[in-house]
Amino acid sequence: VSFFILAITPCQKLKAVSQMSQGLIRRLTVLSQYEEALGKINATAAERLTVLKAKPQAAIQRDLLSICNDPFTVAQQLTHIELERLSYIGPEEFVQAFVHKDPLDNDKNCFSDHKKASNLEAYVDWFNRLSYLVATEICMPGKKKHRARVIEFFIDVARECFNIGNFNSLMAIISGMNMSPVSRLKKTWSKVKTAKFDILEHQMDPSSNFYNYRTALRGATQRSITANSSREKIVIPFFSLLIKDIYFLNEGCANRLQNGHINFEKFWELAKQVSEFMTWKKVECPFEKDRKILQYLLTAPVFTEDALYLASYESEGPENNMEKDRWKSLRCV
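Residues numbered from 1 in each chain as written. Predicted model: local features only at pLDDT ≥ 70, side-chain atom pairs only at ≥ 80, totals over all residues. Heavy atoms only, no water.

1. Thoughts on the overall build of the chain
- From N to C terminus, the chain includes 18 helices and 0 strands.
- Counting only residues that meet the buried cut, the chain has 41% of its 333 residues in that class.
- Long-range contacts, defined as pairs at least 24 residues apart, comprise 78% of the intrachain contacts of the chain with a sequence gap of at least 6.
- Summed over all atoms, the accessible surface of the chain reaches about 19400 Å², with 55% contributed by carbon and sulfur. (Helix = DSSP H or I, 4+ residues; strand = E, 2+ residues; numbered from the N terminus. Buried < 20%, exposed > 50% of the residue type's maximum accessible area, 1.4 Å probe, protein only. Contact = heavy atoms within 4.5 Å. Areas by Shrake-Rupley, 256 points an atom, 1.4 Å probe, with all protein chains shown as cover.)

As structure tokens, then:
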């Protein structure tokens with residue numbers, strides 16, 4: 001190794017430094033463009049929400065089904081969004097989000113000023129947006145038959161996400177359908193064939209520390225390793241659970257052993273999980289982009305929780321005193 005270092009000429013060193021600098025500049029430029037694009041998307045979504053509040057009936061005329069009624073195509077476009085947003089999350093953001101100063105270190109400035117993990121947070125925000133979008137699409141229609149059709153459509157989208165290996169969108173859709181304003185629509189749900197939904201919920205059942213999901217994730221990971229096509233390489237984990245796993249691994253295990261030595265087993269496991277994630281996020285989406293669907297998924301206005309409850313009560317009236325009181329208070333706002 002020492003011979004190799006000595007053999008490097010000053011010109012080679014300069015060239016290596018130049019290449020690293022150029023690579024860093026390209027990376028920073030891409031991140032800057034991504035942040036600018038996110039800003040424009042969020043601004044458009046906020047503008048459309050303002051229009052929705054001002055003229056609700058005019059804004060409600062369009063829904064996802066009117067743009068695309070093919071569940072597989074929608075699942076593909078969701079996968080595009082997931083993989084794009086994953087690609088901008090660097091391993092350093094996990095460190096910035098979770099690392100704390102080691103109490104055994106004397107340097108008080110160690111990790112005292114973390115850069116905000118903005119790309120990681122943007123990805124979590126996307127999950128929440130998708131959940132609320134699903135709930136909004138279900139609660140918007142005035143007719144029970146239409147609401148049931150929307151629910152069945154999203155069940156099919158969720159199933160296609162599972163088949164693709166897009167577990168994050170799958171869980172976001174399930175979360176949206178399990179929101180109280182949606183789950184309370186008993187008359188609507190009575191018109192829905194729920195067998196497929198029950199299977200999906202079973203797959204993402206949180207009991208036994210998400211045992212069923214973790215089994216499915218291992219299967220998707222194995223498929224990815226032996227894949228012959230780019231489609232089979234797709235593994236998009238349920239991101240909130242991944243973050244939780246890394247957090248508890250970091251918090252639950254000491255950085256140092258009782259004898260003062262570094263806990264290499266902990267850091268090996270952390271590196272293993274982050275490295276696996278880095279492999280997943282590098283996969284290029286093999287599906288063709290549909291700009292119209294992507295634009296809708298990213299910028300369509302979504303209801304707040306209160307607006308969802310109000311729409312839900314207007315579709316199917318309050319059933320008890322607590323719901324009646326809430327409905328009255330929401331109508332007075």
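2. Remarks on the pattern of salt bridges
- If you walk through the whole model with that rule in mind, you get 7 salt bridges.
- With its nearest N and O atoms 2.7 Å apart, the salt bridge here joins Asp156 to Lys196. Of this pair, Asp156 sits in helix 8 (residues 144-164) while Lys196 is found in helix 12 (residues 195-203), placing the two residues 40 residues apart along the sequence.
- Judged by its relative accessible area of 17%, Asp156 falls in the buried class.
- For Arg184, the salt bridge is made with Glu323, and the minimal N-O distance between the two is 3.1 Å. (Salt bridge = Lys/Arg side-chain N within 4 Å of Asp/Glu carboxyl O.)

3. Quick look at the environment of Glu92
- By secondary structure assignment, the location of Glu92 is in helix 6 (residues 91-98).
- As a C-alpha pair, Glu92 and Val274 span 182 residues in sequence and 9.8 Å in three-dimensional space.

4. Some details on a nonpolar patch on the surface
- A surface patch of nonpolar side chains, amounting to about 310 Å² of accessible area, comprises Ile262, Phe264 and Phe267.
- As for its placement among the helices and strands, Ile262 is situated in the loop between helix 14 (239-252) and helix 15 (264-281). (Patch = residues over 30% accessible without salt bridge, like charges linked within 9 Å, V, L, I, M, F, W, Y side chains within 5 Å.)

5. Quick word on the packing of aromatic side chains
- On inspection of all chains with the given rule, the structure shows 13 aromatic pairs.
- Considering the side-chain rings of Phe153 and Phe154, the 5.7 Å spacing of their centres and the 70° angle between planes classify their relative orientation as edge-to-face.
- The exposure class of Phe153 is buried, given its relative accessible area of 6%.
- According to the relative accessible area criterion, Phe154 is buried, its value standing at 4%.
- Geometrically, the ring pair formed by Tyr309 and Tyr313 is tilted, given 5.9 Å between the ring centres and 35° between the ring planes. Linking Tyr309 with Tyr313, this pair stays in helix 17 (residues 305-315), spanning 4 residues, or about one helical turn.
- Given the relative accessible area of 10%, Tyr309 is considered buried.
- Three or more aromatic residues joined by ring pairs make a cluster, and in this case those are Phe127, Phe162, Phe167, Phe210, Tyr213 and Phe238.
- If you follow Lys266 out to its NZ or CZ, it ends over the ring of Phe267, 5.5 Å from the centre.
- When the ring centre of Trp327 is taken as reference, the NZ or CZ atom of Arg331 above it lies at 4.6 Å. (Phe/Tyr/Trp six-rings, centres within 6.5 Å; stacked < 30°, edge-to-face > 60°. Lys NZ or Arg CZ within 6 Å of the ring centre and 35° of its normal.)

6. So, the side chain of Thr299
- The residue Thr299 is located in helix 16 (residues 291-299) in this model.
- Here the side chain of Thr299 touches Gln295 through a polar contact of 2.5 Å, landing on its backbone oxygen. (Polar contact = N/O pair within 3.5 Å; in protein donor to acceptor, adjacent residues only side chain to side chain.)

7. Here we look at helix 18 (residues 321-332)
- Look at helix 18: 17 Å from first C-alpha to last across 12 residues, which is about the 16 Å you get at 1.5 Å a residue.
- Between the side-chain oxygen of the N-cap and the backbone nitrogen of Met322 there are 3.2 Å, and the N-cap of helix 18 in question is Asn320. (Expected span 1.5 Å × (residues − 1).)

8. Notes on the environment of Phe239
- With respect to the helices and strands, Phe239 occurs in helix 14.
- Counting along the chain gives 112 residues from Phe239 to Phe127, while the straight-line C-alpha distance between them is 8.6 Å.
- The residues touching Phe239, leaving out its near neighbours within four places in the chain, are Leu86, Ile89, Phe94, Leu120, Tyr123, Val124, Asn168 and Phe277.

9. Quick word on unusual backbone geometry
- Positive phi, close to 55°, is recorded for Asn209, a residue that is not glycine.
- Position of Asn209 relative to the elements: it lies in helix 13 (residues 207-225).

10. Things to note about the confidence of the model for the chain
- On average, residues of the chain score 83 in pLDDT, and 77% of them are at 70 or above.
- Predicted confidence for residues 1-5 stays below pLDDT 50, and this span has 0 contacts to residues more than four positions away or in other chains.
- Counted against residues more than four places away or in other chains, residues 101-115, with its pLDDT under 50, gives 13 contacts. (pLDDT = per-residue confidence, 0-100.)

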